[in-house]
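# A structural walkthrough
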Amino acid sequence: MAPAPYRAHVGVDRLQRSWRWLLTGRAVPRDPLRQAIAAIDDAVHLGRVGRLEDAVEVGAEAIRRTRELAAADRRRYLPALQLALRNQGVYLTELRRHDESIPLTQEAVDLARSMVTWDRYRYLPELTLSLAYFTNRLLAAGDTHRALEVSAEAVDLARDVAGHDDRSAAQDGLAAALGNRAISLAAVGRPDEALVASAETVELRRKLAESGHDGATLELAQAMHNHANRLHVAGRTAESVTLSAQAVALCRGLATDHPGTHRHRLAQALHSHSVLLSRQDRDAEALAAAEESVTCWRALAAEAPGRHSAGLAQALAGLGSRLRWAGRLGDARTATEEAVDLYRTLVATNRARHLGGLAQAVHQRAALAEEVPTHLAASREAVDLRRELVAGNRARHLPDLADSLRERAGALADAGRLDEAVRADEEAVDLHRECAAADPARTETLARALLGQAGRLGQAGRSGEALAAAVESVELIEGLREAGPGRYRQLLAAALDRQADLLPKRRQGEQARLRRRATVLRKARSRSEP
């Protein structure tokens, strides 16, 4: 779970007016350290209620003042400066201002290193926490390989702390470091190692929850959700859904006991669970979870208008997808259009933060379009939005741009603009190839893209290129099936049929062999395949 901004001080008097003093000069506590702590706390408060620009302004002033104090008395004030820098990185990342967030978080790490030289085991937990924050900032910016290096150091240091201190806080730090390590490993295409790290995270979180460690149940639910995703990637889909259901149950308990604090956690967990259920073809259950998630978010949005719009928009987009696969296309369009409208409003107030959500909703709008003009317009907009996202973070958004280019190719083909469709397909395949090279887990998507490209190249009369794309698609799917022979039957059958269709008539024997094999695969269809 990504670390949230850390509160420096919480008490009956939270000094909520101090941020106004920082902006207007009103009175605050006389003690300089209390002034700095109050400013840091109020920046956290502003960030939590979504006022990120204000949080950055207050946080910047807190950094300026703690710098001045640390220059006069390094040992007394450096921890406060380090904390202010670390939290400021979070707000800037939320605003997608990565060029500013990363240097500040790097500085927080450097300061924590110097603090460790004063008293290793007193300040080592602060260094591991700062490294965890730094890992998240790097991942958000798409610098996955550097994040991997930082996460490795964080785990090593956290194990050192846990070996020296058997209190639950040390185990909590190790669990956080391992969770970030798992995310980093998955991001660079090392799913087996990611699975091991996330499994250890869940084990540690379970022990902390059993011991009654503060906040452990929520952290366990998040760790379970992350591990469920790792299990799905590993092909252990039944286990992934079971674990995700346990995470939902934990969040439901938290929401029942503390609805004002945790009901949004339940809404998030239901949305994630719905996605995993759909991947296992448990469509009715996936739809029910998506509907409940939307219901939760609507109730939250009614109580606090504007505050939960992003959660509701994401849930509506997920519901639209579930309704689409349930065959309820009219309802799917309605949910998706509402999601698009919500995201447009959100983007108008904070483009950087919500552009990705809008792009996904518009992409789905294109996939659901009934009319060719709507399909063309929505697919064009989705591509444009995702090109903008790729310009800011290529590694993170490139797979989505490739998907939207495939949808665009289909829209162009439907409009009879076959030459443009082929060009869009070519770019999509190139991008999917780049993604698969960086992360082998994306090989299936590349195979599907090649399969679509083969069809359109065939329509365009480029039979040789079409056959080559179909053959490569078959080869890739065969490679995937080596890891799990019972999987990908339907995809392989479709690829074999496409290859047979593209073979010249003089190769009728080969055509017949390919079609027979496709028929056998279809008869052996397994509902558990992705």
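As the structure is a computational prediction, the values presented were derived from the model and not from experiment. (Residues numbered from 1 in each chain as written. Predicted model: local features only at pLDDT ≥ 70, side-chain atom pairs only at ≥ 80, totals over all residues. Heavy atoms only, no water.)

### Some points on the confidence of the model for the protein chain
The pLDDT averaged across the protein chain works out to 88; a share of 92% of its residues lies at or above 70. When the elements of the protein chain are averaged for pLDDT, helix H1 (residues 18–24) gives the smallest value, 39, and helix H17 (residues 372–392) the largest, 96. With pLDDT under 50 throughout, residues 6–28 is counted as low confidence; its partners more than four residues away or in other chains account for 47 contacts. Overall, residues 526–530 carries pLDDT values under 50, and its contacts beyond four positions in sequence, including any with other chains, amount to 19 contacts. (pLDDT = per-residue confidence, 0-100. Helix = DSSP H or I, 4+ residues; strand = E, 2+ residues; numbered from the N terminus. Contact = heavy atoms within 4.5 Å.)

### What to know about the side chain of histidine 262
Here histidine 262 shows up in helix H12 (residues 259–279). Setting aside its immediate chain neighbours within four residues, histidine 262 contacts Leu218, Leu254 and Ala255.

### Some points on the environment of alanine 413
Examined against the element boundaries, alanine 413 turns out to sit in helix H18 (residues 394–414). Spatially, the C-alpha atom of alanine 413 lies 9.9 Å from that of valine 372, the residues being 41 residues apart in sequence. Each residue touching alanine 413, except ones within four places of it in the same chain, is listed here: Leu418, Ala421 and Arg456.

### Here's the deal with helix H11 (residues 237–257)
Its 21 residues give H11 an end-to-end C-alpha distance of 31 Å, which sits within 8% of 30 Å, the value for a rise of 1.5 Å per residue. Within H11, the full set of buried residues consists of Thr237, Ser240, Val241, Leu243, Ser244, Ala247, Val248, Cys251, Leu254 and Ala255. Projected onto a plane normal to the axis of H11, the buried residues spread over an arc of 165° and lie on a single side. What points out from H11, more than 90 degrees from its buried face, is the exposed set Thr256 and Asp257. (Expected span 1.5 Å × (residues − 1). Buried < 20%, exposed > 50% of the residue type's maximum accessible area, 1.4 Å probe, protein only. Arc of directions from axis to C-beta.)

### Observations concerning the environment of alanine 421
Structurally, alanine 421 is set in helix H19 (residues 418–438). With relative accessibility at 0%, the residue alanine 421 sits in the buried group. Each C-alpha atom, one on alanine 421 and one on arginine 307, is 41 Å from the other, the two residues being 114 residues apart in sequence. Aside from chain neighbours lying at most four places away, what touches alanine 421 is Ala409, Leu412, Ala413 and Arg456.

### Overview of the packing of aromatic side chains
How two aromatic rings sit relative to each other is given by the distance of their centres and the angle of their planes. Enumeration according to the criterion identifies one aromatic pair in this entry. Here tryptophan 118 and tyrosine 123 contribute two aromatic rings whose centre-to-centre distance is 5.8 Å and whose plane-to-plane angle is 85°, an arrangement assigned as edge-to-face. Over the ring of tyrosine 121 we find arginine 120; its NZ or CZ atom is 5.7 Å from the centre of that ring. The positively charged end of arginine 324 is found above the aromatic ring belonging to tryptophan 325, 5.0 Å away from the centroid. (Phe/Tyr/Trp six-rings, centres within 6.5 Å; stacked < 30°, edge-to-face > 60°. Lys NZ or Arg CZ within 6 Å of the ring centre and 35° of its normal.)

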